[in-house]
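Each chain, letter by letter, is given below.
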Amino acid sequence: MEVIPEDIQAFAERYSTPETELLYRLHRETYLKIAQPHMLSGHLQGRLLTMVSQMIKPRRILEIGTFTGYSAICLAQGLTEDGVLHTIDVNEELEAMSSRYFKEAGLGDKIVQHTGKAAEIITQLDEVFDLVFIDADKAGYTGYYDMVWEKLRPGGFMLADNVLYHGEVVLPESGQSNNAKAMIRFAEKAVADERAETMLLTLRDGLMLIRKKQTH
Ligand SMILES: C[S@@+](CC[C@H](N)C(=O)[O-])C[C@H]1O[C@@H](n2cnc3c(N)ncnc32)[C@H](O)[C@@H]1O
């Protein structure tokens, strides 16, 4: 079930800066060669990630869920001169492809790839992040929220993808998958957190913006 009607999606894409040639190729290669290609952020969400990153100008970004590297390349566009993006994925078969595109994009030195379970790798990262993008296993989101919180600078942002989970989050409980239920738990946790400000964007599959207040 798509949340946004196809014609509205097409209209929005028409009035948004197009994908770069490299991102277009990455998009195409993912759809030709990789299972579940719809997981890739794509044109509109990619543009938003780039714009958000350019607004924040982060020095450190953490991405949970690299896949073929589309969103990492988009997010890295806003990094400061000395900025670094850490990206984690459990699927080692994807590493060669994403790494090839990172190098081609001139981001080989700015993107650090970690292969393994996010819950194990996050604890090993000794960094303070300005921006975190959560886009991996849905059951893990609430745990990632807690793990990342301490590493997020006050005033920093967390973005979480798929919070509308194909629109299933508004179905009666009997029609919700476990992933949709996990997204509801995540959204409930974030909105109830007095240390945070939240904004759920109805973009693509639902992108939640969470800001860690300065006072916490
Ligand atoms: C939706 S895709 C990420 C899409 C990517 N951010 C983009 O926009 O192009 C989710 C990714 O999370 C990875 N993943 C799933 N469970 C994980 C875990 N426990 N730790 C790390 N990565 C995980 C999957 O292998 C998959 O590549």
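As a reminder, the structure under discussion sits directly above these lines.
Since the structure is predicted, the reported quantities are computational estimates derived from the model, not experimental observations.

1. So, the nonpolar core
Phase 1 of the analysis: Within the largest apolar cluster, 49 residues are counted, with the highest numbers of intra-cluster contacts made by Val132, Ile134, Met158 and Ala160.
Phase 2 of the analysis: The greatest single-element share of this core, amounting to six residues, is contributed by helix α4 (residues 70-76).
Phase 3 of the analysis: In this view, Val132 contacts Leu62, Val148, Leu152 and Met158; residues no more than four positions away in its chain are not counted.

2. Some points on helix α8 (residues 178-192)
Phase 1 of the analysis: Here α8 contains 15 residues, and its C-alpha end-to-end distance of 21 Å stays within 8% of the 21 Å for a straight helix at 1.5 Å per residue.
Phase 2 of the analysis: Among the residues making up α8, those that are buried are Ala180, Met183, Phe186, Ala187 and Ala190. Take α8 and look down its axis: the buried residues cluster within an arc of 115°, on one side only. Residues of α8 that are exposed and point more than 90 degrees away from the buried face comprise Asn178, Glu188 and Ala192.
Phase 3 of the analysis: Contacts made by the buried residues of α8 are with α7 (141-149), β5 (152-161), β6 (196-201) and β7 (207-212).

3. Let's talk about the site of the ligand
Phase 1 of the analysis: The environment of the ligand is made up of 18 residues, and the closest members are Met39, Ser41, Gly65, Phe67 and Ser71.
Phase 2 of the analysis: Taken together, the elements giving at least two residues each to the shell around the ligand come down to α4 and β2 (84-89).
Phase 3 of the analysis: Its residues assigned to classes, the shell around the ligand shows nine nonpolar, five polar and four charged.

4. Thoughts on the pairing of β5
Looking down a regular strand, the side chains alternate between one sheet face and the other.
Phase 1 of the analysis: Among the 10 residues in β5, seven count as buried, and that is most of the element.
Phase 2 of the analysis: Alignment of strand β4 (residues 129-134) against β5, held across five bridges, turns out to be parallel. Across the sheet, Phe133 pairs through a bridge with Leu159, a residue of β5.
Phase 3 of the analysis: As a crossover connection, the stretch from β4 through α7 into β5 is right-handed.
Phase 4 of the analysis: The sheet contact formed by β5 and β7 spans five bridges and is antiparallel. Across the sheet, Asp161 pairs through a bridge with Leu207, a residue of β7.

5. Some remarks on helix α3 (residues 42-56)
Phase 1 of the analysis: A rise of 1.5 Å per residue sets the reference length of α3, with its 15 residues, at 21 Å; its end C-alpha atoms lie 21 Å apart and thus fit the reference within 8%.
Phase 2 of the analysis: Of all the residues in α3, the buried ones are Gly42, His43, Gln45, Gly46, Arg47, Leu49, Thr50 and Ser53.
Phase 3 of the analysis: Where α3 is buried, its residues touch α1 (6-14), α2 (21-33), α4, β4 and β7.
Phase 4 of the analysis: Just past α3, the residue Lys57 takes up positive phi, approximately 50°.

6. A few points about the sheet that holds β2
Phase 1 of the analysis: Sheet architecture is open: seven strands sit in the order β3-β2-β1-β4-β5-β7-β6, paired in mixed fashion. If you trace the sheet from one side to the other, it starts and ends with β3 (111-115) and β6, each paired once. Across this sheet, the average inter-strand angle for adjacent strands is 15°, counted without regard to direction.
Phase 2 of the analysis: Note that strand β1 (residues 60-64) and β2 share five bridges and pair parallel. Each residue of the ladder has a partner; that of Ile61, found in β2, is Leu85.
Phase 3 of the analysis: The strands that α8 touches are β5, β6 and β7; relative to β6, the one it contacts most, it runs at about 140°.

Basis of the calculations
- Residues numbered from 1 in each chain as written.
- Predicted model: local features only at pLDDT ≥ 70, side-chain atom pairs only at ≥ 80, totals over all residues.
- Core = buried A, V, L, I, M, F, W, Y, C linked by C-beta atoms within 7 Å.
- Buried ≥ 20, exposed ≤ 12 C-beta atoms within 10 Å, placed from the backbone.
- Helix = DSSP H or I, 4+ residues; strand = E, 2+ residues; numbered from the N terminus.
- Contact = placed C-beta atoms within 7 Å.
- Expected span 1.5 Å × (residues − 1).
- Arc of directions from axis to C-beta.
- Near = placed C-beta within 6 Å.
- Nonpolar A, V, L, I, M, F, W, Y, C, P; charged D, E, K, R; others polar.
- Pairing = 2+ DSSP bridges.
- Right-handed = clockwise from strand over helix to strand, strands pointing away.
- Axes fitted to C-alpha atoms, helices over the stretch in contact; angles between N-to-C directions.

Keep in mind these values describe shape, not function.
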